[in-house]
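# Summary of the model geometry
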Amino acid sequence: MEKKLSEDFKKRFKVKPEVVASAPGRINIIGEHTDYNMGFVLPAAIDRRIYFLASSRVDGKIVIRAENFKEEDSFNLPISGKSKTKKWSNYIRGVLWVLNKRGKKIPGLNILIYGEVPLEAGLSSSAALEVSCIIGLNSLYHIGFSPKEIAKIGQKAENDFVGVKCGLMDQFISVFGRKNSAVFLDCLTLEHKIIPFELKSQGLRMLIYNTRVKRKLASSEYNKRRSEANSALDELRKSGFQSFRDISVVEIEKRKKNLEENLFKRAKHVVSENYRVKKAVEALSNNDFIQLGKLLFFSHESLRDDYQVSCPELDLLYECGRQVPACLGARMTGAGFGGSGIALVREEVKNSFKDLLLKEAAKKGFVKPEFYDVEIGEGARSVQY
Ligand code: GLA
């Protein structure tokens, strides 16, 4: 892929790329809406990437070609604002904006981007684009950002420039992902551990089900959940708790009477999800995929009923998963309100499970879903020429 894109770059800009970088999208195995609540997550990178190729210019101009759309954007530095028509450009603008704020002067760039991560599918194509851009510029200009800084710069571009108040999980896994491994991340300390996650030898597959629902509510409801969770924690602090992670599943039930109903539900999800992430890591260390599957189902129930970020199309995946014994577990992945879900299935039912979902989705009049049969891939990389 890199070779073909280098040719495309040369054709368009009449020079060779000086750097070729790429970063993966992700699934989150478990630990949803816990990252910004300073809890635990267990994501994994997928083998679909976003590529970023660049060469320097000296005229202060940025020219970006988005190969998927056959579109271009060009503007002068410093960044004056967002593009209204080319959404994809804003992730790169955001990164350049953060770099400028950090005093890194870029003399100008030719850029070509190409993506294999499905867009607006809840698989973190935006984090992959940000990370590929930062890691590429980091090596092109020998800036010396550490891997953690790279993830944080991506998050800052998204939070403060693009305007989505996401946590750090997506950028972190895009940098730190490893082949056939998940990453257990403590979002408070940023300590992380590579957890072997090899499915093939177990006769298992991770199937991605993209609902293709347009997520209109995603960012407004996401921000609302963030603030509800904060309000719940403020209340809980009055009883002496510092963080959701200090509260046990039994303890949170006892606080039910102290919290307004919605706030209690949000808190219950975060507390129980943190517990499930730890249990999932334990299950993986015992090669117990049956137990892992159960935890995926429980996670979905909690996201549907307590955090209330699911939708009928995502619930369908869960319901079909519950009907099919060879589906060990299924749940929504990412922010919710549409986007994608994941199902841990035995190899032999992969196709019949897809057929079942297609049939049931059609019956309900849902948009036709898409499926991706992914492998767990590598984190970001960059090669300088
Ligand atoms: C989105 C955000 C992440 C995380 C998930 C929900 O993917 O970008 O930071 O909050 O939603 O777990």
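Refer to the structure printed above.
The text that follows walks through the structure, step by step, so that each part is easy to find. (Residues numbered from 1 in each chain as written. Predicted model: local features only at pLDDT ≥ 70, side-chain atom pairs only at ≥ 80, totals over all residues. Heavy atoms only, no water.)

## Side note on the packing of aromatic side chains
Quick note on the threshold: In this scheme Phe, Tyr and Trp rings, the latter by its six-membered ring, pair at centre separations within 6.5 Å, and the angle between planes marks the pair as stacked below 30 degrees, edge-to-face above 60, and tilted otherwise. A helix here means a DSSP run of H or I that spans at least four residues, while a strand means a run of E at least two residues long, and both kinds are numbered starting from the N terminus. The rule is simple: take the accessible area with a 1.4 Å probe, protein chains only, and divide by the maximum for that residue type; under 20% is buried, over 50% is exposed, in between is partly exposed. We call a charge positioned above a ring when the Lys NZ or Arg CZ atom is no farther than 6 Å from the ring centre and deviates by at most 35 degrees from the ring normal.
By the definition in use, this model includes seven aromatic pairs. Seen in terms of ring centroids, F9 and F13 are 4.8 Å apart; in terms of plane orientation they differ by 50°. Their pairing is tilted. Of this pair, F9 and F13 are both found in helix α1 (residues 2-13), four residues apart, which corresponds to roughly one turn of the helix. Overall, F9 belongs to the buried group, its relative accessible area being 0%. Between the aromatic rings of F40 and F184, the centroid separation amounts to 5.7 Å while the plane-to-plane angle is 25°, which identifies the pairing as stacked. Taken together, the positions of F40 in strand β2 (residues 40-56) and F184 in strand β6 (residues 181-186) put the pair 144 residues apart, joining distant regions of the chain. What makes F40 buried here is its relative accessible area of 7%. A cation sits over an aromatic face here: R304 above Y318, 5.1 Å from the ring centre. Taking the ring centre of F297 as reference, the NZ or CZ of R322 above it sits at 4.2 Å.

## Some details on the side chain of D35
To be explicit about the condition: Note that His is not counted, nor are the chain ends; the positive residues are Lys and Arg, and the negative ones are Asp and Glu. The salt bridge definition used is simple: a Lys or Arg side-chain nitrogen within 4 Å of an Asp or Glu carboxyl oxygen. Residues adjacent in sequence count toward polar contacts only when both atoms are side-chain atoms; beyond that, a polar contact is any pair of N or O atoms within 3.5 Å, and within protein one must be able to donate a hydrogen and the other to accept it. Note on definitions: a residue-residue contact is assigned when non-hydrogen atoms from the two residues lie within 4.5 Å.
Relative to the helices and strands, D35 resides in the loop between β1 (19-30) and β2. Although D35 is buried, it forms no salt bridge, and the closest oppositely charged side chain is R226 at an N-O distance of 6.5 Å. Only 3.3 Å separates the side chain of D35 from the backbone nitrogen of L168, close enough to count as a polar contact. Apart from residues lying up to four places away in sequence, D35 is in contact with V41, G167, L168, M169, C187 and Y222.

## Here's the deal with the site of the ligand
Defined as follows: By convention in this text, a residue qualifies as near a molecule or strand provided that one of its non-hydrogen atoms is within 4 Å of it. The protein chains shown are the only cover counted for residues, whose accessible areas, like all others here, come from Shrake-Rupley with a 1.4 Å probe. When residues are grouped by polarity, Ala, Val, Leu, Ile, Met, Phe, Trp, Tyr, Cys and Pro land in nonpolar, Asp, Glu, Lys and Arg in charged, and all others, Gly among them, in polar.
The environment of the ligand is made up of R26, E32, H33, D35, Y36, C166, G167, M169, D170, Y222, G334 and A335. Y222 is positioned with one of its side-chain polar atoms (N or O) 2.6 Å from an oxygen atom of the ligand. For the ligand, whose free accessible area comes to 310 Å², the fraction covered by protein is 92%. For the shell around the ligand, the per-class residue count stands at five nonpolar, three polar and four charged.

## Points about the packing of helix α8 (residues 261-285) against helix α9 (residues 289-305)
As a reminder of what qualifies: Axis definition: a line fit to C-alpha positions, over the contact stretch in the case of helices; interaxial angles, taken between N-to-C directions, run 0 to 180 degrees. Orientation labels follow simple angle bins: below 35 degrees gives roughly parallel, above 145 gives roughly antiparallel, 65 to 115 gives roughly perpendicular, and whatever is left gives oblique.
Two elements in contact, α8 and α9, have axes separated by 10 Å at closest approach and are oriented at 170°. When the axis of α8 is compared with that of α9, the two are roughly antiparallel. Contact residues: K265, H269, S272, E273, R276, K279, A280, A283 and L284 in α8; F289, Q291, L292, L295, F298, S299, S302, L303 and D305 in α9. Tallied by class, residues from the contact of α8 with α9 come to eight nonpolar, five polar and five charged.

## Some points on helix α4 (residues 147-162)
Formally: Expected helix span is taken as 1.5 Å per residue step, with the number of steps being one fewer than the number of residues.
Helix length check: α4, at 16 residues, gives a terminal C-alpha distance of 22 Å against a target of 22 Å (1.5 Å per residue), a fit within 8%. Among the residues of α4, I150, A151, I153, G154, Q155, A157, E158, N159, F161 and V162 are the ones counted as buried. The secondary structure elements touched by the buried residues of α4 are α2 (87-101), α3 (125-140) and α5 (169-176). Just downstream of α4 lies G163, where phi reads positive at about 95°.

## Quick look at the environment of C320
Tracing the backbone shows C320 in helix α10 (residues 312-323). The contact partners of C320, leaving out residues within four places of it in the chain, are F353, L356, L357 and E360.

## Topic: the packing of α10 against helix α11 (residues 350-363)
Test applied: In this scheme, a crossing is called left-handed if the near helix is turned counterclockwise away from the far one by less than a right angle; it is called right-handed if the turn is clockwise.
Interaxial distance between α10 and α11 falls to 10 Å at its minimum, and their mutual angle equals 130°. When the interaxial angle is binned, α10 and α11 end up oblique. The crossing of α10 and α11 is right-handed. From α10, L316, L317, C320, G321 and Q323 reach across to α11, where they touch F353, L356, L357, E360 and A361. Residue composition of the contact of α10 with α11, grouped by class: seven nonpolar, two polar and one charged.

Shape is all these values report; function is a separate question.
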